[in-house]
Amino acid sequence: MVRLARGLVDTQEIAEEIVQDAFARVYERWSRLDHPGGYLRTAVVNGARSELRKREVRRRIGIRPFIPSQPEDRDYLLDALDQLSSRQKTVLVLKFYADMTEKEIAQAMGMRPGTVKSATSRGLAELRKVVEQ
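Note that the coordinates shown come from a computational prediction; the quantities given were computed from them, not determined experimentally. (Residues numbered from 1 in each chain as written. Predicted model: local features only at pLDDT ≥ 70, side-chain atom pairs only at ≥ 80, totals over all residues. Heavy atoms only, no water.)

Novice: I'm lost on a negative patch on the surface in this one. Help?
Specialist: Where like charges cluster on the molecular surface, the negative patch consists of Glu-13, Glu-16, Glu-17 and Asp-21. By the secondary structure assignment, Glu-13 is in helix α2 (residues 12-29). (Patch = residues over 30% accessible without salt bridge, like charges linked within 9 Å, V, L, I, M, F, W, Y side chains within 5 Å. Areas by Shrake-Rupley, 256 points an atom, 1.4 Å probe, with all protein chains shown as cover. Salt bridge = Lys/Arg side-chain N within 4 Å of Asp/Glu carboxyl O. Lys, Arg positive; Asp, Glu negative; His and termini not counted. Charge placed at Lys NZ, Arg CZ, Asp CG, Glu CD. Helix = DSSP H or I, 4+ residues; strand = E, 2+ residues; numbered from the N terminus.)

Novice: How do you make sense of helix α6 (residues 102-109) when you look at a structure like this?
Specialist: Along α6, the residues that are buried comprise Ile-105, Ala-106, Ala-108 and Met-109. Across the axial projection of α6, the buried residues extend over an arc of 165°, all falling on one side. Pointing more than 90 degrees away from the buried face of α6 are the exposed residues Lys-103 and Gln-107. (Buried < 20%, exposed > 50% of the residue type's maximum accessible area, 1.4 Å probe, protein only. Arc of directions from axis to C-beta.)

Novice: What exactly am I supposed to notice about the confidence of the model for the chain here?
Specialist: Parts of the model with low pLDDT should not have their predicted coordinates read in detail. Of all residues in the chain, 89% attain a pLDDT of 70 or more, and the chain-wide mean is 84. Averaged pLDDT values for the elements of the chain fall to 76 in helix α4 (residues 76-81) and rise to 93 in α2. (pLDDT = per-residue confidence, 0-100.)

Novice: Can you walk me through the packing of α6 against helix α7 (residues 113-132) in this structure?
Specialist: In contact at an axis separation of 8 Å, α6 and α7 are set at 105° when each is read in the N-to-C sense. The pairing of α6 with α7 is recorded here as roughly perpendicular in orientation. Of the residues in α7, those touching α6 at Glu-102, Ile-105 and Ala-106 are Pro-113, Val-116 and Lys-117. Tallied by class, residues from the contact of α6 with α7 come to four nonpolar, no polar and two charged. (Axes fitted to C-alpha atoms, helices over the stretch in contact; angles between N-to-C directions. Parallel < 35°, antiparallel > 145°, perpendicular 65-115°, else oblique. Contact = heavy atoms within 4.5 Å. Nonpolar A, V, L, I, M, F, W, Y, C, P; charged D, E, K, R; others polar.)

Novice: What am I meant to see in the environment of Gly-37 here?
Specialist: Topologically, Gly-37 is positioned in helix α3 (residues 36-61). Residues Gly-37 and Met-1, spaced 36 residues apart in sequence, show a C-alpha to C-alpha distance of 10.0 Å.

Novice: I keep staring at the nonpolar core and nothing clicks. Help me out?
Specialist: Generally speaking, a soluble globular protein has its nonpolar side chains buried in company with each other. Leu-4, Val-44, Leu-81, Leu-94 and Ile-105 are the most contacted members of the largest nonpolar core, which has 34 residues in total. Mapped by element, the contributors of at least two residues to this core are α1 (2-8), α2, α3, α4, α5 (86-96), α6 and α7. Tallying contributions element by element places α3 first for this core, with six residues. Residues within four places of Leu-4 in sequence aside, it is in contact with Arg-41, Val-44, Val-45, Val-93, Leu-94 and Ala-98. (Core = buried A, V, L, I, M, F, W, Y, C linked by side-chain atoms within 4.5 Å.)

Below you can see the structure in the form of structure tokens.
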């Protein structure tokens, strides 16, 4: 789950916090959950999306984000993913990092499988452009 969150947000520390919060929510609801693993994955995705929304607000009001000072702290694939829209980034991370099917991604993100297919295709095309630069 940390790897999934790390693919969606760019720092290990924030990814770990998101996953910890998601596990806490699963624990609180354990007796009522039919599929705790699916609930956990959805909670991680939603937590990461929430973090990305907060960052967008911070960017709009001028608060500067954390940028690692050490070159070895940077992950260039994650930097390339950051150039994509949040929807495309989320779909690609769920598909290639979390090995989720299109149907599972559609359920987790609240969209149709056809939308997942098109977001995957457009995201990969955009990622190719970013990587080639």
